Amino acid sequence: MALVSVRDYEKRAHEIIPRNALDYYRSGAGDELSLHLNRTGFDRLRIRPRMLQGGSTRDHSCTVFGERFSMPIGISPTAMQRMAHPEGEVANAKAAASRQVLFTLSTISTSSIEEVAKATPNAPKWFQLYIYRDRQLTEELVRRAERAGFRAIVLTVDAPLFGLRRADMRNKFSLPPHLSMANFVGKAASIRSQGGSGINEYIAEQLDPTLSWDDVKWLLGFTKLPVIVKGILTREDAIIAADLGVQGIFVSNHGARQLDSVPASIEALPEIVAAVGGRVEIFLDGGITQGTDVFKALALGARMVFFGRPALWGLAVNGQAGVEHVLDILRNELDLTMALAGCKTLSDISKDYVVHENYYSKL
């Protein structure tokens, strides 16, 4: 079967990835209500296309923190990518570089900061940070990212503990023995099950559950890189983050893997844009599977959207080339959506183009 959509790649990847890793990648927290909402949140939005707008080509390029990208689509941080493909994060980053989009490296990656930097020396990359109990270790991660040429720090703030991930508990998830936590060789414990989910046990041991806004201040105080806080779902937290001086906010529910019953990222986006959209850059991840999703998120105020799982599916199916094809699919779908909706540039995409499904029942 020809692979012509992200869903096609997802189905093929599910046949390839070993069950231990697949369940880790695809599962959500609790009963997975929020995982479902991440998809249906987009389904409940309707595009209001405008006709006869003219123009035969579209410009998808965008600028973030002074850097220009080919399209407003980037790759989110996802952990332990060598479980999906032997080249893991390196192949994913090279795919992003080849398509001139952003790649974000996870702290708990199976390819190191330095390996990814060496493979993509001139490509813009961001580094996702967890704050460890050992603050010196945490600061050294940031310093390594700075030295390696990463362009921003994405601080995950929604994971002082990991969520209730039942699939990992049932599988007694462990990182396969031939893989390692590449950023912590000789420094931090490996992810091996001690009877439950190895990833939850690792996080409980290594990360600081007392994480607070003071830690955001601490990070802002010593790095010169832009700081983006990832995991914001309310206007209240968005205002606090903007007041502290962060340069970006990632509207995200962590792939619906933390607290179940939280809103879909796309549902939370409008209130955060309304609260601080004029002060900081707003990004979104969670539930992106097609070009119409990208269009809807841009219309509601996101500067750029990110996805994690679709890149993993492409990686599992065909390594770097698979991720490149997934990016090409989304780019072509966004282009077609813009053409049929009547938008020549990203700046044309406004909130007038998208309404909730309830809009039509009230007419």
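Identification of the protein chain as (S)-2-hydroxy-acid oxidase from Anopheles christyi is taken from an unreviewed UniProt entry. Quoted straight from UniProt, the Cofactor (unreviewed entry) entry for the protein chain says "FMN". Quoted verbatim from the Sequence similarities (unreviewed entry) field of UniProt, the annotation for the protein chain is "Belongs to the FMN-dependent alpha-hydroxy acid dehydrogenase family."

Taken as a whole, the largest pocket holds about 710 Å³ of empty space. In this structure, the largest pocket is lined by 36 residues; those nearest its centre are Tyr25, Gly255, Arg257, Gly308 and Arg309. Among the elements that line the lining of the largest pocket, the one with the most residues is helix H13 (residues 309-341), at four residues. Its residues placed into classes, the lining of the largest pocket shows 15 nonpolar, 12 polar and nine charged. Along its surface, the second largest pocket is lined by 19 residues, and Val157, Asp158, Gly231, Ile232 and Asp237 are the ones closest to its centre. For the lining of the second largest pocket, the secondary structure elements donating two or more residues are helix H9 (213-222) and strand E8 (227-232). It is H9 that contributes the most residues to the lining of the second largest pocket, three residues altogether.

Attention now goes to the state of the cysteines. In this structure the tally under the stated criterion is zero disulfides. Lacking any disulfide linkage, cysteine 62 is separated from the closest cysteine sulfur, that of cysteine 343, by 15 Å. Take cysteine 343: its relative accessible area is 2%, and that puts it in the buried class.

Attention now goes to the packing of H9 against helix H10 (residues 235-244). Where H9 meets H10, the axes come as close as 10 Å, and the angle between the chain directions of the two elements is 30°. With respect to H10, the axis of H9 lies roughly parallel. Here the hand of the crossing between H9 and H10 comes out right-handed. Contacts between H9 and H10 pair Trp213, Val216, Lys217 and Leu220 from the former with Asp237, Ile240, Ala241 and Leu244 from the latter. For the contact of H9 with H10, the per-class residue count stands at six nonpolar, no polar and two charged.

The next subject is helix H12 (residues 291-299). Buried residues dominate H12, accounting for eight of its nine residues. Those residues of H12 that sit buried are Gly291, Asp293, Val294, Phe295, Lys296, Ala297, Leu298 and Ala299.

If you look at the biggest cluster of nonpolar residues, it comprises 117 residues, and the most contacted ones within it are Trp126 and Ile249. With 14 residues, H13 is the largest single contributor of residues to this core.

When you tally the buried positions in E8, you get six out of six residues, the bulk of the element. By the bridge criterion, four bridges tie strand E7 (residues 152-156) to E8 in an arrangement that is parallel. Following the sheet pairing, valine 154 is matched in E8 by isoleucine 228. Of the pairings in the sheet, the one linking E8 to strand E9 (residues 248-251) comprises four bridges and is parallel in character. Pairing of valine 229 across the sheet is with isoleucine 249, part of E9. As for the winding sense of the linkage, the β-α-β connection from E8 through H10 to E9 is right-handed.

What counts, and where the lines are drawn
Residues numbered from 1 in each chain as written. Predicted model: local features only at pLDDT ≥ 70, side-chain atom pairs only at ≥ 80, totals over all residues. Heavy atoms only, no water. UniProt positions renumbered as here; feature names shortened; annotations may be inferred. 1 Å grid on protein atoms, 1.4 Å probe; cavity = no way out; pocket = protein on both sides within 12 Å on 5 of 7 lines; lining within 4 Å. Points joined across faces, edges and corners; volume = space filled by probe spheres on them. Helix = DSSP H or I, 4+ residues; strand = E, 2+ residues; numbered from the N terminus. Nonpolar A, V, L, I, M, F, W, Y, C, P; charged D, E, K, R; others polar. Disulfide = S-S within 2.5 Å. Buried < 20%, exposed > 50% of the residue type's maximum accessible area, 1.4 Å probe, protein only. Axes fitted to C-alpha atoms, helices over the stretch in contact; angles between N-to-C directions. Parallel < 35°, antiparallel > 145°, perpendicular 65-115°, else oblique. Left-handed = near helix turned anticlockwise from the far one by under 90°. Contact = heavy atoms within 4.5 Å. Core = buried A, V, L, I, M, F, W, Y, C linked by side-chain atoms within 4.5 Å. Pairing = 2+ DSSP bridges. Right-handed = clockwise from strand over helix to strand, strands pointing away.

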